[in-house]
Amino acid sequence: MKAYLAHIKLNLKLTLRDRLVLFFNYIFPLLFFLIFGQMMGTARGGLATQLVAMVLIIGVLGSGFFGAGIRAVQDRELNILRRFKVAPVGPAPMLVASMVTGWANYMPMALLILVCARYLYAMPMPRNWVSLLVFLSLGILAFRAIGLMIASVVNSAQEGQILIQIFYFPMLFLSGATFPLEVMPEWVQTLAQFLPASHLFLGIQGILVRNETIFDVWTAALALAAACIVATFLSTKLFRWEKGERIRGASKAWLAAALLPFVLLGTWQAYSRENLGKVKMISREMRRSRAYLIRDVRIADGSGKVIESGYVMLRNGKVEQIVDGKPPDHRELNADLIEGSGKTLLPGLIDAQVRLASPGGYRDNPASLNADRSLRELAAYLYCGVMAVRSVGDPPDVLVRAQRRVDSGEYLGAQVLTGATAASPSMMPSLALLEAAWQAHDKKTEFLDRSLVQQAGPAALLDSTRRILKSMPPSAAPPVTLQAAMEQLARAWKNGTTLVAGSNSGAPPLLHGPALHRELQLWVQAGIPAPVALRVATGDAAKWLGVGGELGSIRPGYAASLLLVDGNPLVDISATERISMVFLRGERVDRAKLFDQD
């Protein structure tokens, strides 16, 4: 033990005296952090954790491959190791001292970066400090051990440089540290699962972004620990004191043993695809933490209150501030600016009754009716500005699978709700479904020609529905006329009956997604004031479904699940279909890509 402590003490003293080491360990990473922080616009939120993870990963790679690997090769080439050969110690104390010294130099830098991110870019401090420090410690020790293993199997500095670069650059560019994994082709993402740096990066991101613990990233932690032990053991066995000592080319294959834990882990990930889903979830959480300032916009807050011209601040997935008046400079708030002039900001709509397991339209192939398309349908609802739906009459397993993927952030779609508060008396007229049923009875398909239906509905389903409706034999007429149903709705409203806005989309021939907009238009035609109809489909629906403290309103602390439309739906209800932007929990949704998800 004395030999180990003596070597550790000696290495630390030499490191503290080496100004070049101090520069590259502390000053260079800090400069890198500040420069890229400004270039990436990190202060606007959402990118701070990406930047922190990037700097931490680059530090681990540099310390492992260059600080340990190249340094060991150079010491052997310069005959520095030869001087220790006569001492009564083996290679183990020297290798362990190198690893401990690297850890001692790295951890203060990591803490410095985290503190700077907190005070410069308002990044929340990690909730699970211990897990982060343990995981980083495993990472730095594992990569130092791999670097020393490389030094043990190369015969010259030139050969060491080549082998180090072969390892360093793929891990730098394919791990997600420098370029987001989600923008890479899927086969590249799968290949990246075999790289140790990918698991280190995802583990760091999981702890920073999703507040995971060391137990949540146990597979990556176990692989790092196993690689550290195996590489350290093999390094002691293959260690050489002098540059004249040569190692056989076949012995280089021992390097594969140090990487075997990551080969096994990568094989499992390629099969299970767990990390590919985690990449999407982490990226989604980062996008949801960005800051936006929507200014000079009309605000209908879901309770009936209207601000004709104000601004709304979104940050970390929630509504942060609502002000009636002139907004501050968005640059002072470190937020992206969105101009709201001539637009209206609403809480996301809520469809209180749909049928996800039903296809809505008619398909040519009856066998396809049993296919589970619930995720695609939830994407269609979100495309149309519907943030949440209550699905009824569906198999529980279908709802659980869809809800799990949407809630985790792996798939972008409307939230699935299951509860409802009993209200008596209450009325859910489902006028859009009745209108579509009458048109289908009359061999008409105008309900399929609406712009939002064309955008959200699958082209094949639209075509087959038109064709089948026109060729169907005569059927019984719906039991009530649309006009009678509208008159009944008007009477119910005047009598104080609780109104519930549910489209019953999925019941043929009503396609999933846009029907709630048509439902509200028919309500207004029936005599319901547009502000009342909007309130029923937002704030009232959220309360009825038990999520009134989170959705359905634009209030500080509520989820930033919002709908920005062109025009004024309080006067012209059809303006809800002229969607400008959709925000889901603070994420600005790219509507064009919703149907490209897998």
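Preceding this section is the structure that the text describes.
Let us look at the structure shown here.

About the thresholds
Residues numbered from 1 in each chain as written. Predicted model: local features only at pLDDT ≥ 70, side-chain atom pairs only at ≥ 80, totals over all residues. Heavy atoms only, no water. Pairing = 2+ DSSP bridges. Helix = DSSP H or I, 4+ residues; strand = E, 2+ residues; numbered from the N terminus. Axes fitted to C-alpha atoms, helices over the stretch in contact; angles between N-to-C directions. Contact = heavy atoms within 4.5 Å. Phe/Tyr/Trp six-rings, centres within 6.5 Å; stacked < 30°, edge-to-face > 60°. Buried < 20%, exposed > 50% of the residue type's maximum accessible area, 1.4 Å probe, protein only. Lys NZ or Arg CZ within 6 Å of the ring centre and 35° of its normal. Expected span 1.5 Å × (residues − 1). Arc of directions from axis to C-beta. Parallel < 35°, antiparallel > 145°, perpendicular 65-115°, else oblique. Salt bridge = Lys/Arg side-chain N within 4 Å of Asp/Glu carboxyl O. Polar contact = N/O pair within 3.5 Å; in protein donor to acceptor, adjacent residues only side chain to side chain.

## Some words on the sheet that holds strand 6 (residues 349-354)
- Within the open sheet, the three strands sit side by side as 6-7-8. Their pairing is parallel. The open sheet terminates on both sides in strands that have one partner only, identified here as strand 6 and strand 8 (415-417). Each strand axis lies, on average, 25° off the axis of its neighbour in the sheet, ignoring direction.
- Note that strand 6 and strand 7 (residues 386-391) share four bridges and pair parallel. The residue bridging Asp-351 from the neighbouring strand is Val-389, located in strand 7.
- In the packing of helix 13 (residues 374-383) onto the sheet, the strands contacted are strand 6, strand 7 and strand 8, and the crossing angle to strand 7 comes to about 135°.

## A closer look at the packing of aromatic side chains
- Considering all chains together, one arrives at twelve aromatic pairs under this definition.
- Between the aromatic rings of Phe-33 and Tyr-121, the centroid separation amounts to 5.6 Å while the plane-to-plane angle is 50°, which identifies the pairing as tilted. Pair noted here: Phe-33 is in helix 2 (residues 19-39) and Tyr-121 is in helix 5 (residues 91-121), with a separation of 88 residues, a long-range link.
- With relative accessibility at 0%, the residue Phe-33 sits in the buried group.
- Stacked on the ring of Tyr-119, the Lys or Arg Arg-118 has its end atom at 5.9 Å from the ring centre.
- In this structure, Arg-376 is placed above the aromatic ring of Phe-595, and the distance from its NZ or CZ to the ring centre is 4.0 Å.

## Some thoughts on helix 14 (residues 396-408)
- Counted at 1.5 Å a residue, the expected span for helix 14 with its 13 residues is 18 Å, and the 18 Å between its end C-alpha atoms agrees.
- Along helix 14, the residues that are buried comprise Val-398, Leu-399, Ala-402 and Val-406. For helix 14, the buried positions fall inside an angular range of 90° around the axis, keeping them on one side. Counted as exposed and oriented over 90 degrees from the buried face of helix 14: Pro-396 and Arg-404.
- Against the buried residues of helix 14 lie helix 13, strand 7 and strand 8.
- With its phi angle positive at about 90°, Gly-409 sits one or two positions after the end of helix 14.

## Some words on the packing of helix 10 (residues 218-238) against helix 11 (residues 254-272)
- Contact pair helix 10 / helix 11: the axes reach a minimum separation of 8 Å and the direction vectors enclose 175°. Accordingly, the angle class assigned to the pair helix 10 and helix 11 is roughly antiparallel. Where helix 10 approaches helix 11, its residues Thr-219, Ala-220, Ala-223, Leu-224, Ala-226, Ala-227, Val-230, Ala-231, Leu-234 and Leu-238 are matched on the opposing element by Trp-254, Ala-257, Ala-258, Pro-261, Phe-262 and Leu-265.

## Some words on the pattern of salt bridges
- Applying the stated rule across the entire model yields 22 salt bridges.
- Taking the shortest distance from any N to any O, the salt bridge between Arg-315 and Glu-320 comes out at 3.1 Å.
- Take Arg-315: its relative accessible area is 22%, and that puts it in the partly exposed class.
- The partner of Asp-449 in a salt bridge is Arg-466, with the nearest N and O atoms 3.0 Å apart. Here Asp-449, found in the loop between helix 15 (431-441) and helix 16 (451-456), pairs with Arg-466, found in helix 17 (residues 459-471); they are 17 residues apart in sequence, far enough to count as distant.
- Asp-449 gets classed as partly exposed once you look at its relative accessible area, which sits at 45%.
- Shared partners join several salt bridges into a network, and the residues in it are Glu-182, Arg-284, Arg-287, Arg-288 and Glu-587.

## Points about the side chain of Glu-212
- Topologically, Glu-212 is positioned in the loop between helix 9 (196-209) and helix 10.
- Given the relative accessible area of 9%, Glu-212 is considered buried.
- In terms of polar contacts, Glu-212 uses its side chain to reach the side chain of Lys-278, at 2.9 Å.
- Those residues in contact with Glu-212 that sit more than four places away from it in its chain are Asn-128, Gly-206, Ile-207, Val-217 and Lys-278.

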